[in-house]
Amino acid sequence: MAHKSKDLKEWEETTLKGFIEKRPERKEKFTTISGAEIKRLYTPEDIEGFNYSEKLGYPGEYPFTRGVYATMYRGRLWTMRQFSGFGTAEETNERYKFLLENGQTGLSVAFHLPTIMGVDSDSPLAAGEVGKCGVAIDTLEDMEILFDGIDLEKITTSMTINAPAAILLAMYVAVAEKQGADLKKISGTIQNDILKEYIAQKTWIFPPKPSMKLIVDTFEWCSENLPRWNSISISGYHIREAGATAVQELAFTLRDGMEYVEWAIERGLDVDKFAPRLSFFFNSHNDFFEEIAKFRAARRIWANVMKNRYKAKNPNSWKLRFHTQTSGFSLTAQQPYNNIVRVAIQALAAVLGGTQSLHTNSMDETLALPSEFAVQIALRTQQIIAHETGVANTIDPLAGSYFVESLTNKMEKEAMEYIEKIDKMGGMVAAIEAGFPQREIQDAAYEYQKAVESGEKIVVGVNEFVVDEDQPVEILYIDNTVEERQIKRLKAVREKRDKNRWEKSLKELKMAAQRDLNLMPFILDAVKSYATIGEIVNTLKEVYGEYEEPIFI
Amino acid sequence: MERKIRVLIGKPGLDGHDRGAKVIARALRDAGMEVIYTGLRQTPEQIVNTALQEDVDAIGLSILSGAHMHLFPEVVKLAREKGLDDVIIFGGGIIPKQDVPKLKEAGVAEIFLPGTPTEDVVKFLKKNVKRK
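Residues numbered from 1 in each chain as written. Chains lettered and ligands numbered in written order. Predicted model: local features only at pLDDT ≥ 70, side-chain atom pairs only at ≥ 80, totals over all residues. Heavy atoms only, no water.

> Quick question: what am I supposed to make of the overall build of chain A here?
Each helix and strand counted, chain A has 22 helices and 10 strands in total. Its C-alpha atoms give chain A a radius of gyration of 24 Å, near enough to 24 Å, the size a compact globule of 553 residues would have. Burial analysis of chain A (553 residues in total) assigns 59% to the buried set. By sequence separation, contacts in chain A at least 24 residues apart represent 78% of the contacts at least 6 residues apart. Accessible area of chain A: about 22600 Å², with a carbon and sulfur share of 52%. Across chain A, the 67 positively charged side chains and the 81 negatively charged ones have centroids separated by 4 Å. (Helix = DSSP H or I, 4+ residues; strand = E, 2+ residues; numbered from the N terminus. Rg over C-alpha atoms; globule rule 2.2 N^0.38 Å. Buried < 20%, exposed > 50% of the residue type's maximum accessible area, 1.4 Å probe, protein only. Contact = heavy atoms within 4.5 Å. Areas by Shrake-Rupley, 256 points an atom, 1.4 Å probe, with all protein chains shown as cover. Lys, Arg positive; Asp, Glu negative; His and termini not counted. Charge placed at Lys NZ, Arg CZ, Asp CG, Glu CD.)

> Looking at this structure, I do not really get the overall build of chain B. What am I missing?
Per the secondary structure count, chain B includes five helices and five strands. The order of helices and strands in chain B, counted from the N terminus, is β-α-β-α-β-α-β-α-β-α. Compactness check: chain B gives a C-alpha radius of gyration of 13 Å against a globular reference of 14 Å for 132 residues, within 12% of the reference. Taken along its principal axes, the extent of the C-alpha atoms in chain B is 40 × 30 × 25 Å. Within chain B, the fraction of its 132 residues that count as buried is 55%. Taking the contacts inside chain B whose residues are at least 6 apart along the sequence as the reference set, 72% of them involve residues at least 24 apart. Summing over all exposed atoms, chain B offers an accessible surface of approximately 5600 Å²; the carbon and sulfur share of this is 51%. Treating the 21 positive side-chain charges of chain B as one cloud and the 18 negative ones as another, the clouds have centres 4 Å apart.

> Would you explain the interface of chain B and chain A in this entry?
Interface size is commonly expressed as the accessible surface area that is lost when the partners come together. Listed per partner, the contact involves 38 residues of chain B and 41 residues of chain A. Together chain B and chain A conceal approximately 3100 Å² of surface at their shared face, both sides included; 55% is due to carbon and sulfur atoms. Per-residue buried area on chain B facing chain A is highest for Leu14, Arg19 and Arg26 of chain B; these three make up 26% of the total on that side. Linking chain B with chain A are two salt bridges. Arg26 of chain B is the salt-bridge partner of Asp443 of chain A, the closest N and O atoms lying 2.6 Å from each other. The interface formed by chain B and chain A includes 10 residue pairs in polar contact (both at pLDDT 80 or more). Those elements that place two or more of their residues in the side of chain B that touches chain A are helix H1 (19-30), strand E2 (34-37), helix H3 (68-81) and helix H5 (118-128) of chain B. (Buried area = accessible area lost by both parts, 1.4 Å probe. Salt bridge = Lys/Arg side-chain N within 4 Å of Asp/Glu carboxyl O. Polar contact = N/O pair within 3.5 Å; in protein donor to acceptor, adjacent residues only side chain to side chain.)

> Quick question: what am I supposed to make of a nonpolar patch on the surface here?
Together, Ile458, Val460 and Phe465 of chain A give the surface a local cluster of nonpolar side chains, amounting to about 290 Å² of exposed area. Relative to the elements of secondary structure, Ile458 of chain A occurs in the loop between helix H18 (436-453) and helix H19 (481-496). (Patch = residues over 30% accessible without salt bridge, like charges linked within 9 Å, V, L, I, M, F, W, Y side chains within 5 Å.)

> Just to check I follow, could you spell out the packing of aromatic side chains for this structure?
Tallied over the entire structure, the rule returns 28 aromatic pairs over all chains. Both rings, one in Trp204 of chain A and one in Tyr547 of chain A, keep their centres 5.0 Å apart while their planes meet at 80°; by these two values the pair is edge-to-face. On the criterion of sequence distance, the pair formed by Trp204 of chain A in the loop between helix H7 (195-201) and helix H8 (208-225) and Tyr547 of chain A in the segment after helix H22 (533-544) is long-range, its members being 343 residues apart. For the pair formed by Trp204 of chain A and Tyr547 of chain A, the shared burial category is buried. An angle of 80° between the planes, with centres 6.0 Å apart, marks the rings of Phe90 of chain B and Phe112 of chain B as edge-to-face. Here Phe112 of chain B lies in strand E5 (residues 110-112) and Phe90 of chain B lies in strand E4 (residues 88-93), a separation of 22 residues in the sequence. Accessibility assignment for this pair places Phe90 of chain B and Phe112 of chain B in one class, buried. (Phe/Tyr/Trp six-rings, centres within 6.5 Å; stacked < 30°, edge-to-face > 60°.)

> Honestly, the pairing of strand E7 (residues 232-235) of chain A in this entry has me stumped. Any pointers?
The two faces of the sheet receive side chains in turn, since in a regular strand these alternate between them. Residue and element names in this part refer to chain A. Of the two faces of E7, both are covered, the one formed by Ile232 and Ile234 as well as the one formed by Ser233 and Ser235. With four bridges joining them, E7 and strand E8 (residues 278-284) adopt parallel strand pairing. Considered in E8, the bridge of Ser233 is made with Ser279. (Pairing = 2+ DSSP bridges.)

> Mind showing me how you'd approach the sheet that holds strand E3 (residues 107-110) of chain A here?
Strand pairing in a sheet relies on backbone hydrogen bonds, with the paired strands running either antiparallel or parallel. All names here are of chain A. The sheet built from five strands is open, its strands ordered E2-E3-E4-E5-E6 with parallel pairing. Looking at strand neighbours, the two that pair on one side only are strand E2 (83-84) and strand E6 (229-230), the edges of this open sheet. The sheet contact formed by strand E4 (residues 156-160) and strand E5 (residues 187-190) spans four bridges and is parallel. Bridge pairing links Met159 to Ile190 in E5. Contacting E4, E5 and E6, helix H6 (residues 165-179) crosses the sheet at an angle of about 150° to E4. (Axes fitted to C-alpha atoms, helices over the stretch in contact; angles between N-to-C directions.)

> Even after reading the chapter, I still don't get the sheet that holds strand E1 (residues 6-10) of chain B, so can you show me in this structure?
Residue and element names in this part refer to chain B. Pairing is parallel in the open sheet, where five strands are placed in the order E2-E1-E3-E4-E5. A strand with exactly one partner marks an edge of an open sheet, and here the two such strands are E2 and E5. Across this sheet, the average inter-strand angle for adjacent strands is 20°, counted without regard to direction. Two elements, E1 and strand E3 (residues 58-63), share four bridges in a ladder whose sense is parallel. Bridge pairing in E3 links Leu8 to Ile59. Together, E1, E3, E4 and E5 form the strand contacts of H5, whose direction differs from that of E4 by roughly 170°.

> Can you help me understand the packing of H8 of chain A against helix H21 (residues 520-528) of chain A in this one?
Two quantities define a packed helix pair, namely the angle between the helix axes and the distance between the axes. Residues and elements named next belong to chain A. Put simply, H8 and H21 touch, their axes get as near as 9 Å, and they point 90° apart. Accordingly, the angle class assigned to the pair H8 and H21 is roughly perpendicular. In this structure, H8 uses Leu214, Asp217, Thr218 and Trp221 to contact H21, whose residues at the interface are Met520, Pro521, Ile523 and Leu524. Partitioning the contact of H8 with H21 into residue classes produces six nonpolar, one polar and one charged. (Parallel < 35°, antiparallel > 145°, perpendicular 65-115°, else oblique. Nonpolar A, V, L, I, M, F, W, Y, C, P; charged D, E, K, R; others polar.)

> It is not clear to me how unusual backbone geometry should be interpreted in this structure. Could you clarify?
Phi is mostly negative for residues that are not glycine, and the peptide bonds are mostly trans. Residue and element names in this part refer to chain A. Look at the link from Tyr62 to Pro63: it is a cis peptide, with omega at -5°. Considering the arrangement of structural elements, one finds Pro63 in the loop between helix H2 (52-55) and strand E1 (79-80). With a phi close to 55°, Asn192 is a non-glycine residue in the positive phi region. Within the secondary structure layout, Asn192 lies in the loop between E5 and H7. Positive phi outside glycine occurs at Tyr530, with the angle close to 65°. Position of Tyr530 relative to the elements: it lies in the loop between H21 and H22.

> Explain the pattern of salt bridges to me, please; I cannot follow it from the model alone.
Side chains carrying opposite charge are able to pair once their charged atoms draw close together. Residue and element names in this part refer to chain A. Applying the stated criterion across every chain, the model contains 51 salt bridges over all chains. A salt bridge links Lys528 to Glu177; its shortest N-O distance comes to 2.9 Å. Pair noted here: Lys528 is in helix H21 and Glu177 is in helix H6, with a separation of 351 residues, a long-range link. Judged by relative accessible area, Lys528 falls into the partly exposed class, the value being 29%. Members of the salt-bridge network, linked through shared partners, are Asp120, Asp122, Arg494, Arg497 and Glu535.

> Before we go on, may I ask you to explain the packing of helix H12 (residues 288-309) of chain A against helix H14 (residues 338-352) of chain A in this structure?
Residue and element names in this part refer to chain A. Where H12 meets H14, the axes come as close as 8 Å, and the angle between the chain directions of the two elements is 30°. As the angle between them shows, H12 and H14 are arranged roughly parallel. Here H12 and H14 pass one another in a crossing that is right-handed. Facing Phe288, Glu291, Ile292 and Phe295 of H12, the residues of H14 in contact are Ile345, Leu348, Ala349, Ala350 and Leu352. Grouping the amino acids of the contact of H12 with H14 by side-chain chemistry returns eight nonpolar, no polar and one charged. (Left-handed = near helix turned anticlockwise from the far one by under 90°.)

This is the structure we're talking about:
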């Protein structure tokens, strides 16, 4: 137990006691948005025995609590990467050019749901969904249009794609080859994180085991062919959006990461060959210090497990590099302009937490896809933080704060308890099959909802400070002709492709899946023969089957 | 004893965002209703068939992908074709306000936008469900 010095005790019994008697505090208990209790005051006693070099170290050195690079934002600012995609490839290509002209430094592709689910735009399942919440990509031809006039050697591209990630990666590589780019120079990320799909976002296709196999295939293939490509973005974002607390986000994401490492090692890959290309993706929510502590704890835990548990020797394998997105869930449909302020605060937390890249949400996202006007404000928010506030001048400025260090320690400890629990269940795949993380998140989401409805947690404009009049916001509508245009192009591609080559590539893909070979070369061949995403996925379903979710409420 | 209100919570469309659907399902259950949840990615046909089999009083639809203008009216149409005339059909999700009148015209009884207290949904059902 922490020993209280005479000074603190004295203060509590005299100054504090006298003050509280006259003016009681606003609440009996102060908690974070995750429900974690926060003390009135943090002092040196909360970090008693704190060992600087063990807990923090220097930037760019183990355990990387202060940041993964020696100079952090003094050397290079974070990548400003706005997630975007809608309609057909032509429309999204235009938006990309707009963003690049406005100073954005990397692309981030949002695919429409049929692509995410491995379904072609003309499937009955796609009705009403084409181009709605992302760009429609059915074949390599769509991908060629998407990146038309954009030099893939010069930009980095992040693709939010999971179950069919290997297919979209293959399409990107095929476009890069057509542009004449050197594959050793192209850089970007595929999300490729199926575990958080089973846990939270729920856009899966195949069962866990073949899905994990496909992911390890991409690790292996990328480490040999695309050395600068991040073969996975292990994501807490969706886990948090589904209702997890900050500690749950931290724990489940890192345990997911560990699961991938274990499966790749099991395949016989050298940990130091693939681990440097693992990247992460976190949420930045409203509770400012809790978020900053979460990012710092994440780096420390990852460095520790990679070095000590998985015996990685290359310091690059120990570094947790991450992308951050501000919290979509935290935004309100009521008084939407207030969202600009929420996003700014969340973005600041991500920067103070040492993020490598950042997406700032647009204020109108609770209503529809963002308009160009709203996207520009979101991007400007990052530019203001970077260039006007001065926070990028020094590294990890909150280190040494009694509160922040104590919170970082506490979150690390609580996350490790979850990780040990999942270890005991036999790992993350086993835990998912038992419904463990899903239930934990569902319960946390319901608790939060009750806290808002009881007024215990205030959401400005929703349960307090409510106004009657509407703030009109202009909304992006997806043109009704998108579906028709996309299906027309898809049918034309099916007509004009070389039938023999197409048939052969799918046959070979099926055989490779049956023989458990690395599928990347076969998928690459299939996309180059203009096989559609639906055709490739259906071929694999014949071998792997489909996942069925355990349903509970 | 009075029959409990029976509600089917359905997720049409391809998106997997089930936080809202599950929070609503639990809140309705805690309010004393019998709740059936369809699971993800159900076609309008599947949802209406489940509604028939389970003899529900109301169908709640949740969608966050932007396909509501296609899928909500489709569920209403199929439900009425199958004779589910008294079943209340309501929905929620990322739905622009401008779309709400059109959805109501298509027969959706109510649309609950983000930020709605679950209690409002409970009150709405208690008021509108016609007891059999």
